[in-house]
Amino acid sequence: MSDDDRVSLRPRRIRMVCWTGAIALLVVFSLVATSLTGPTGSGFGTFQRGDQFAMIGLGVLGALGILLFTRPRVVADARGVRVRNIIGSYELPWEVVRGVRFDRGAPWASLELHDDDLLPMVALQAADKDLAVEGVRALRRLHQAHLGAPAETADPGR
């Protein structure tokens, strides 16, 4: 298998947005943490060092939550396609794939399966424009190559 037979796709625009947002969220929570000093208001409580660390910890958890959106990836080769979305991963042989769809107005591409199910591929987002279109074309070429290989050995009457 050569490098031309393997397609690896990740979204570009959403990764930039998520990394920027995660860094900004962490900075904001860190700034809020440094401002947590002195009394809590009209009560008897005061902010402690633990409150500051807890606020930074919340910022880290929020940033990690945002970075989950950078997880999507599609890797395909002659054997099949592996789709990793925000939550969940799928490894499918080309035999169960009917086609690769990227409908007009759809936020991302999807795999149409033979059981009439659609598997979204969040890694191929409409926001990435030409990159997503080229990715769909590459997946379609791999799918067609797989369909063409067994068809040569199959019964010609089909």
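Computed from a predicted model, the values in this text were never measured in an experiment. (Residues numbered from 1 in each chain as written. Predicted model: local features only at pLDDT ≥ 70, side-chain atom pairs only at ≥ 80, totals over all residues. Heavy atoms only, no water.)

Student: Would you mind showing me how to read the pattern of salt bridges here?
Tutor: One side chain can pair with another of opposite charge once the charged atoms of both are near each other. Summed over all chains, the structure comprises six salt bridges. Of the charged contacts in the structure, one is a salt bridge between aspartate 77 and arginine 82, with a shortest N-O distance of 3.0 Å. Arginine 82 sits in the partly exposed class, given a relative accessible area of 22%. Here arginine 101 ties to aspartate 103 by a salt bridge, and the two come within 2.7 Å at their closest N and O atoms. Residue classification places arginine 101 among the partly exposed residues on the basis of a relative accessible area of 27%. It is possible to trace a salt-bridge network through shared partners that takes in Asp77, Arg79 and Arg82. (Salt bridge = Lys/Arg side-chain N within 4 Å of Asp/Glu carboxyl O. Buried < 20%, exposed > 50% of the residue type's maximum accessible area, 1.4 Å probe, protein only.)

Student: Sorry if this is basic, but what is going on with the confidence of the model for the protein chain here?
Tutor: Reading fine detail from the predicted coordinates is not recommended where pLDDT is low. Confidence in the prediction for the protein chain averages 87 pLDDT; 91% of positions are at 70 or higher. Confidence drops under pLDDT 50 across residues 150-158; counting only partners more than four residues distant or on other chains, this segment forms zero contacts. (pLDDT = per-residue confidence, 0-100. Contact = heavy atoms within 4.5 Å.)

Student: Quick question: what am I supposed to make of the sheet that holds strand β7 (residues 118-125) here?
Tutor: Strand pairing in a sheet is mediated by backbone hydrogen bonds. Such pairs are either parallel or antiparallel. Strand order in this open sheet of three strands is β5-β6-β7, and the pairing throughout is antiparallel. Edge strands, defined here as strands with exactly one partner in the open sheet, are β5 (97-101) and β7. Averaged over all pairs of adjacent strands, the angle between strand axes in this sheet comes to 20 degrees, irrespective of strand direction. (Pairing = 2+ DSSP bridges. Helix = DSSP H or I, 4+ residues; strand = E, 2+ residues; numbered from the N terminus. Axes fitted to C-alpha atoms, helices over the stretch in contact; angles between N-to-C directions.)

Student: For this particular structure, what's the right way to read the environment of aspartate 103?
Tutor: The topology assignment puts aspartate 103 in the loop between β5 and β6 (108-113). Separated by 27 residues in the primary sequence, aspartate 103 and alanine 76 have C-alpha atoms spaced 20 Å apart. Here arginine 101 takes part through its side chain, which lies 2.7 Å from a polar atom of the side chain of aspartate 103. (Polar contact = N/O pair within 3.5 Å; in protein donor to acceptor, adjacent residues only side chain to side chain.)

Student: It is not clear to me how the nonpolar core should be interpreted in this structure. Could you clarify?
Tutor: Side chains of nonpolar character tend, in soluble globular proteins, to be buried together. In terms of nonpolar packing, the biggest core is built from 21 residues, with Val74, Val81, Leu111, Met121 and Leu139 touching the most fellow members. Sorting the residues of this core by element identifies β1 (7-9), β2 (73-76), β3 (80-84), β5, β6, β7 and α3 (130-153) as the ones contributing at least two each. Setting aside residues no more than four positions away along its own chain, methionine 121 makes contact with Val74, Val83, Asn85, Val100, Trp108, Ala109, Ser110, Leu111 and Leu139. (Core = buried A, V, L, I, M, F, W, Y, C linked by side-chain atoms within 4.5 Å.)

Student: What is the right way to look at the side chain of aspartate 128 in this model?
Tutor: Of note, aspartate 128 is situated in the loop between β7 and α3. In this structure aspartate 128 is buried but unpaired, with arginine 13 as the nearest side chain of opposite charge at 5.1 Å. Those residues in contact with aspartate 128 that lie beyond four places of it in its chain are Pro11, Arg12, Arg13 and Ala123. (Lys, Arg positive; Asp, Glu negative; His and termini not counted.)

Student: It is not clear to me how unusual backbone geometry should be interpreted in this structure. Could you clarify?
Tutor: Trans peptide bonds make up most of the peptide bonds, and negative phi angles are found at most residues other than glycine. A positive phi is found at aspartate 116, a non-glycine position, where the angle reads about 65 degrees. With respect to the helices, strands and loops of the structure, aspartate 116 is situated in the loop between β6 and β7. Look at aspartate 116 and you get exposed, because its relative accessible area is 60%. Positive phi is not limited to glycine here, since lysine 129 has a value of about 45 degrees. By the secondary structure assignment, lysine 129 is in the loop between β7 and α3.

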